[in-house]
Amino acid sequence: MGETIAFYVLSFLILSLAIMVVTARNTVHSVIFLVMSFLCVAVLYVVLRAEFLAVIQVLVYAGGIVVLYLFVVMLVNLSGEPEAHEDPRRLGLTGLALAGAVLLELAGIVVYSYSREPSAPVAGAAASPVQGNVEQIGWLLYTDYLIPFEVASVLLLVAMVGAIVLARREL
Amino acid sequence: MIDTILEITPAHYTILSAALFSIGVVGVLVRRNIIIIFMAIELMLNAVNINLVAHARQLENMVGQVFVVFIIAVAAAEAAVGLGIILAFFRNKETVNIDEMNVMRW
């Protein structure tokens, strides 16, 4: 019962905050709604008993990426509104219709996959040698997925160098 | 019917993920401010993460959560580089409206 209440409350919060992210006039308001939505998603991870991911979500997404967005929003702070709601180039209804089409396709996929007879059950993962959420993720990262782990660290290095080069005064 | 509402299955999380994803799609298609578009892309990535974690919990397979760790790392890298590009562009042409970002050289 607790999970039911938590799921419905959190999903209402997440979806309403996401709608406010994409509809707010002020960009700073959008960033604030985005960080609140990320925190609600982190709580949802705790409900799903993925505690490590909840902490990573708060640290990396809410604590790193959103701060980065806030810096950029402050740096490009324009005095005038970049959104003219009478802008003829803005295709609001077309965008809404296309997003509605995406939602219908996703709903169709969900309904189709849950209406079929379940296929042969997926072989559960072999019993992990360690207990606990963090330990199991760490075990997988360092044994089965070591190469993607190292590649991800190289990717982060490349992204860091690229961001520094792009943001310098003179190239 | 009440049973479907009260018993939370991974299908519920998938529907939440689909709704969040389509809100992100609305943000990318409708808004003209490039920073809002980037934030809508982050919403879409979060939707995918929710879906992966829910199914990882149902199948008791931690690989889903490992995948989410990689998605978060890639999203962080993409946000950093993308915002660097926005800053570099803004320094040359004082706009964040994507309708005006239509030339390769300034």
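Residues numbered from 1 in each chain as written. Chains lettered and ligands numbered in written order. Predicted model: local features only at pLDDT ≥ 70, side-chain atom pairs only at ≥ 80, totals over all residues.

(A) A look at the overall build of chain A. Helices and strands together make up the secondary structure of chain A, namely 6 helices and 0 strands. Along chain A, helices and strands appear, N-terminal first, in the series α-α-α-α-α-α. For chain A, buried positions account for 23% of its 171 residues. (Helix = DSSP H or I, 4+ residues; strand = E, 2+ residues; numbered from the N terminus. Buried ≥ 20, exposed ≤ 12 C-beta atoms within 10 Å, placed from the backbone.)

(B) A look at the nonpolar core. In terms of nonpolar packing, the biggest core is built from 68 residues, with B:Ile35 and B:Val53 touching the most fellow members. Going through the elements one at a time, α1 (2-23), α2 (27-47), α3 (51-75), α5 (133-142) and α6 (146-166) of chain A together with α2 (10-30), α3 (34-59) and α4 (63-92) of chain B are the ones with two or more residues in this core. Element by element, the count of residues in this core is highest for α3(B), at 15 residues. Two domains each put at least three residues into this core: domain 1 (1-77) and domain 2 (131-171) of chain A. (Core = buried A, V, L, I, M, F, W, Y, C linked by C-beta atoms within 7 Å. Domains from an automatic or database assignment.)

(C) How the structure looks around the interface of chain A and chain B. Between chain A and chain B, the residue contacts involve 67 residues of the former and 61 residues of the latter. Listed by contribution, the elements that provide at least two residues to the side of chain A that touches chain B are α1, α2, α3, α4 (92-115), α5 and α6 of chain A. Across the side of chain A that touches chain B, the residue classes break down as 50 nonpolar, 11 polar and 6 charged. (Contact = placed C-beta atoms within 7 Å. Nonpolar A, V, L, I, M, F, W, Y, C, P; charged D, E, K, R; others polar.)

(D) Seen up close, the packing of α2(A) against α3(A). Residue and element names in this part refer to chain A. The N-to-C vectors of α2 and α3 enclose an angle of 175°; their axes lie 8 Å apart at closest approach. What the angle tells us is that α2 and α3 run roughly antiparallel. Contact residues: α2 offers Thr27, Val28, Val31, Leu34, Val35, Phe38, Leu39, Val41, Ala42, Tyr45 and Val46, while α3 offers Glu51, Leu53, Ala54, Gln57, Val58, Tyr61, Ala62, Val66, Tyr69, Leu70 and Val73. When the residues that make up the contact of α2 with α3 are grouped by side-chain class, the tally is 19 nonpolar, 2 polar and 1 charged. (Axes fitted to C-alpha atoms, helices over the stretch in contact; angles between N-to-C directions. Parallel < 35°, antiparallel > 145°, perpendicular 65-115°, else oblique.)

(E) Just α6(A), in detail. End to end, α6(A) covers 30 Å across 21 residues, agreeing with the expected 30 Å (1.5 Å per residue, within 8%). Taken across its 21 residues, α6(A) has 2 buried, putting it largely on the surface. (Expected span 1.5 Å × (residues − 1).)

(F) Main features of the domain arrangement of chain A. When its domains are assigned, chain A resolves into domain 1 (1-77) and domain 2 (131-171). Between domain 1 of chain A and domain 2 of chain A, the C-alpha centre-to-centre distance is 22 Å.

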